[in-house]
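Structural overview
Listed here are the chains, written in short residue letters.
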Amino acid sequence: MDTAIHSYLAEIGRRGGRKSRRKLDPETARAMVRVREARRAFRDFHAMCFWSHRRDLEIGREDVDWVAETLRRNGDMRAWKMAERLCR
């Protein structure tokens, strides 16, 4: 796993999930959710849209737009809706 991604996720995990303990600004929290959703989409739609890429490809913050574009280009209606969720 890329060290920058690993450090980022470790820091997020340390801060916890309760709002009273969270020290994340809203923009960072939204970015974290987008990365998590992009990873899920990559895994769920791998056979349909991402078959030419390694299954263990590490999806990071900079890959979210690429995942959404690939879902739109190669996917069905479910994939298109997932791409919409990633681009909100």
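Small disclaimer: the values here were computed from a predicted structure and weren't measured.

1. A short note on the packing of aromatic side chains
Overall, the coordinates contain three aromatic pairs when judged by the stated rule. Geometrically, the ring pair formed by Phe42 and Phe50 is tilted, given 4.8 Å between the ring centres and 45° between the ring planes. Both residues of the pair, Phe42 and Phe50, count as buried. Their ring planes at 55° and their centres at 5.5 Å tell us that Phe50 and Trp66 sit as a pair that is tilted. Of this pair, Phe50 sits in the loop between α3 (46-49) and α4 (64-74) while Trp66 is found in helix α4, placing the two residues 16 residues apart along the sequence. The class of Phe50 is buried, set by a relative accessible area of 0%.

2. Description of the confidence of the model for the chain
For the chain, mean pLDDT is 87; residues scoring 70 or higher make up 90% of the total. Mean pLDDT across the elements of the chain bottoms out in helix α1 (residues 3-15) (78) and peaks in α4 (95).

3. Observations concerning the layout of surface pockets
Taken as a whole, the largest pocket holds about 150 Å³ of empty space. Surrounding the largest pocket, Arg30, Val33, Arg34, Glu37, Arg85, Leu86 and Arg88 form its lining. Every element with two or more residues in the lining of the largest pocket is listed here: α2 (26-44) and α5 (77-86). With four residues, the single largest contributor to the lining of the largest pocket is α2. Split by residue class, the lining of the largest pocket holds two nonpolar, no polar and five charged.

4. Comments concerning the side chain of His46
The residue His46 is located in helix α3 in this model. For His46, a relative accessible area of 8% corresponds to the buried category. For His46, the residues in contact, after removing those within four places along its chain, are Ala41, Trp51, His53, Arg54 and Arg55.

5. Regarding α4
An α-helical turn contains 3.6 residues, so a residue and the one three or four places further along point in the same direction. What α4 keeps buried is the set Val64, Val67, Ala68, Thr70 and Leu71. Each buried residue of α4 lies within a common arc of 165° when the element is viewed along its axis, so the set occupies one face. α4 presents Asp65 and Arg73 as exposed residues on the side facing more than 90 degrees away from its buried surface. Looking at the buried side of α4, the elements it contacts are α2, α3 and α5.

Cut-offs applied
- Residues numbered from 1 in each chain as written.
- Predicted model: local features only at pLDDT ≥ 70, side-chain atom pairs only at ≥ 80, totals over all residues.
- Heavy atoms only, no water.
- Phe/Tyr/Trp six-rings, centres within 6.5 Å; stacked < 30°, edge-to-face > 60°.
- Buried < 20%, exposed > 50% of the residue type's maximum accessible area, 1.4 Å probe, protein only.
- Helix = DSSP H or I, 4+ residues; strand = E, 2+ residues; numbered from the N terminus.
- pLDDT = per-residue confidence, 0-100.
- 1 Å grid on protein atoms, 1.4 Å probe; cavity = no way out; pocket = protein on both sides within 12 Å on 5 of 7 lines; lining within 4 Å.
- Points joined across faces, edges and corners; volume = space filled by probe spheres on them.
- Nonpolar A, V, L, I, M, F, W, Y, C, P; charged D, E, K, R; others polar.
- Contact = heavy atoms within 4.5 Å.
- Arc of directions from axis to C-beta.

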